[in-house]
Amino acid sequence: MLIRTHTCGQLRDTHVGQAVTLNGWVNSYRDHGNLVFIDLRDRYGLTQLVFDPDDGAPPEMMEAADKLRNEDVVAVTGTVRIRRGGENPKLATGKVEVVVAKLEVLNKTENPPFLPDDLGQLPNEEIRLRHRYIDLRRPKMQAILSMRHRVMKVTRDYFSENGFLEVETPILYKSTPEGAREFLVPCRNVPGTFYALPQSPQLFKQILMVSGADRYMQICRCFRDEDPRADRQAEFSQIDLEMSFVRREQVMQMMEGFVRRLWGEVAGYTVPPMQRMAYRECMERFGIDRPDTRYGLEITDISAVAARTDFKVFRDALAKHPDARPFYSKRGYVKAMRVPAAQAGDKLTRKVTDGYSEFVRTFGAGGVAVTRLNASGVFETGCAKFVEPVKADLVAALKLEPGDFVLIVADTYAVATKAIGELRQRVARDIGVVPRPGAEGGPWNFLWMIDPPMFERNKDTGKWVALHHPFTAPRDDQQEAFVAAAEDDDQTIESIVSAGYDVVLNGSEIGGGSIRIHDRAVQSKVFQLLGLSPEQAREKFSFLLEALSYGAPPHGGVAFGLDRLVMHLMGTDNIRDVIAFPKTQIGADLLTRAPSQVPEPQLKEVHIRSTWTPPEPGAAR
């Protein structure tokens, strides 16, 4: 084989006159009578090749060149010259071409199911994933793989410079209750027992802090047996970090420095000081703990105004549990969102707004009340007759102007907040106010979400559950209040704020973490509050509780979603775009046809028997 001396994106006019060897794929073919032109491609770029009998190309090479087709793999040797047909400014190599003297066809291709370019319409995603090796040849996909590499390199460089050790933690792990379903792996040597694939290295990185590692990082694989979504996969990559002898401020400063370094080096963007917003403020203003702050459409509590109307929907909602505390409770609320006329334009038609009631029902709400302040300053349509008597107060509360729409949801605090928060995002998409991220589109809006509650009640069981995970510590000023409330399972436990924090970018959580519990007694209290008996806690977490008994330092950390970071930097909203070999929405690998059935002898070897039976022919699956 002719071994390359240069890549297909490397040659410039400074190489004119040099003999070079290139390897790559035929990207395009053009026959101009007695001349054949080939654009040769590798991941570095394109170079134009010329096969010209007047420049010494023998007949047999011209014949071979005439038979080349897209995606054939070739090696050529030739001389660099200035491009005869004029410069192609779209190519980095556009000033030159290579006059071929030797051609070696390394592999002829079958007719490909699609061509790996970004020019025409791509086939559906199923075809691209089934033939991922072709899809990954596309320049866009090559750029994504390159970006992913750069992100990982900057990550390792930054944290190495700041004293972090990269330590690998186990993939075969103990099953622990961390919220999501786990992938289980049977143990052949101990029948009836199982490993779990880690949802995160959380407990191991805490053990490393007890071990004196001081600062840990790892780019690791994590696994959650959940249905994939546009921004989530069952198998994903995480930038995992932990620090000893720190409080929240030190961790946040270190991580904000990382974000600034990453965006500066990779995107050429200077991240300004990141805004901090408490969990409760996020929920009150945006209805979600990861708010997109690139546009307005903020939410306002109009319960006091709504209470003075005769609208039964409002009154029924406000009558719910009037004695309960207002935050994170079942008390009734009425929440409203102003959609400015300048943003709404003519996009919020009756048909569109009627669909919003069906939309919020998926989040437990009964519907959406819609009205509009017309040019004369009078409410019209929808619930207009009910809100007209309190018009002055409603206009003042929402800062309404003529032409503005008002969307209102009434229910318990949790339901109304969730429903209108999701509705806010739906409306923003419908009226087109969500900009593309990055320098070519809208801004990158970073913020820290801080001070989330430690616990919430499970709506079905009534039991306390950890909002983040059960190893998150109370905020420094909440320690005593937590211990006192936990002693009696006091209802005030819902007001205890954790030392947690999330990094949010344009409405997407790209990282999350907390200060951890380093005191065994406090950790035992948390397990007790979550309904674990002392025996159950020892069964599941004895290694952690023992470690906390032997000199555990204060520590905390963060995990960044590597895939989500690359998504934002590349301006895509589909996580499958930024993973070389992703799974589909049902967790299938279309390239290798996984998951697949396993022969009975192999199952028997690991002491497993399948209870699944195939459906009858023609039966619904």
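As a starting point, this report considers the structure included with it.

Running from N to C, helix H16 (residues 520-529) and helix H17 (residues 534-548) cross one another at 160 degrees; their axes reach a closest spacing of 10 Å. By the angle between their axes, H16 is roughly antiparallel relative to H17. As H16 runs across H17, the sense of the crossing is right-handed. Of H17, the residues touching H16 (which contributes Arg520, Gln523, Ser524 and Phe527) are Ala537, Phe541, Leu544, Leu545, Glu546 and Leu548. In terms of residue class, the contact of H16 with H17 is built from 6 nonpolar, 2 polar and 2 charged.

A word on the pattern of salt bridges. Summed over all chains, the structure comprises 47 salt bridges. In this structure, Glu256 and Arg260 form a salt bridge, with 2.9 Å as the shortest nitrogen-oxygen distance. Remark: Arg260 and Glu256 occur in helix H6 (residues 248-267); sequence separation between them is 4 residues, near one turn of the helix. Judged by its relative accessible area of 30%, Arg260 falls in the partly exposed class. A salt bridge links Lys335 to Glu284; the shortest N-O distance between them is 3.6 Å. With Lys335 in strand S13 (residues 332-339) and Glu284 in helix H7 (residues 279-286), the pair connects residues that are 51 residues apart, well separated along the chain. The exposure class of Lys335 is buried, given its relative accessible area of 1%.

Pairing in this open sheet of 8 strands is mixed, and the strands run S6-S9-S10-S22-S21-S20-S17-S11 from one edge to the other. Strands with a single pairing partner mark the edges of an open sheet, and in this sheet they are strand S6 (165-166) and strand S11 (275-278). By the bridge criterion, 6 bridges tie strand S20 (residues 500-505) to strand S21 (residues 508-515) in an arrangement that is antiparallel. Looking at the pairing, Val504 lines up with Glu509 of S21. Contacting S6, strand S9 (215-223) and strand S10 (235-244), helix H4 (residues 139-161) runs over the sheet at an angle of about 150 degrees to S9.

Before going further, it helps to spend a moment on the nonpolar core. In terms of nonpolar packing, the biggest core is built from 59 residues, with Met255, Trp263, Phe482 and Phe560 touching the most fellow members. Excluding residues that lie within four positions of it along the chain, Phe560 makes contacts with Ser237, Gln238, Ile239, Leu241, Met255, Phe258, Val259, Val503, Ile510, Gly511 and Leu565.

What follows covers the sheet that holds strand S5 (residues 96-107). By definition, the strands of a sheet pair up through backbone hydrogen bonds, in either a parallel or an antiparallel sense. Sheet architecture is closed into a barrel: 5 strands sit in the order S1-S2-S3-S5-S4, paired in mixed fashion. On average, adjacent strands in this sheet sit at an angle of 55 degrees to one another, irrespective of strand direction. Across 7 bridges, the pairing between strand S2 (residues 35-42) and strand S3 (residues 45-51) is antiparallel. Across the sheet, Leu40 pairs through a bridge with Thr47, a residue of S3.

Let us look at H4. The end-to-end C-alpha distance of H4, which contains 23 residues, comes to 33 Å, matching closely the 33 Å that a straight helix rising 1.5 Å per residue would cover. For H4, the set of buried residues is Met141, Gln142, Ile144, Met147, Arg148, Val151, Val154, Thr155, Tyr158 and Phe159. Tucked inside the fold, the buried residues of H4 contact helix H3 (132-135), S9, S10, H6 and helix H18 (562-570).

To continue, consider the side chain of Gln238. With respect to the secondary-structure elements, Gln238 resides in strand S10. The exposure class of Gln238 is buried, given its relative accessible area of 8%. At 3.0 Å, the side chain of Gln238 and the side chain of Asp240 are in polar contact.

Right, let's get into H17. Along its 15 residues, H17 runs just 15 Å from first to last C-alpha, ending more than 12% under the 21 Å computed at 1.5 Å per residue. Along H17, the sharpest change in direction is near 95 degrees and occurs at Phe541. Residues of H17 that are buried include every one of Ala537, Phe541, Leu544, Leu545, Ala547 and Leu548, and no others. Buried positions along H17 lie against helix H5 (202-210) and H16.

Cut-offs applied
- Residues numbered from 1 in each chain as written.
- Predicted model: local features only at pLDDT ≥ 70, side-chain atom pairs only at ≥ 80, totals over all residues.
- Heavy atoms only, no water.
- Axes fitted to C-alpha atoms, helices over the stretch in contact; angles between N-to-C directions.
- Helix = DSSP H or I, 4+ residues; strand = E, 2+ residues; numbered from the N terminus.
- Parallel < 35°, antiparallel > 145°, perpendicular 65-115°, else oblique.
- Left-handed = near helix turned anticlockwise from the far one by under 90°.
- Contact = heavy atoms within 4.5 Å.
- Nonpolar A, V, L, I, M, F, W, Y, C, P; charged D, E, K, R; others polar.
- Salt bridge = Lys/Arg side-chain N within 4 Å of Asp/Glu carboxyl O.
- Buried < 20%, exposed > 50% of the residue type's maximum accessible area, 1.4 Å probe, protein only.
- Pairing = 2+ DSSP bridges.
- Core = buried A, V, L, I, M, F, W, Y, C linked by side-chain atoms within 4.5 Å.
- Expected span 1.5 Å × (residues − 1).
- Polar contact = N/O pair within 3.5 Å; in protein donor to acceptor, adjacent residues only side chain to side chain.
- Bend = angle between axes of the 7 residues up to and from the residue.

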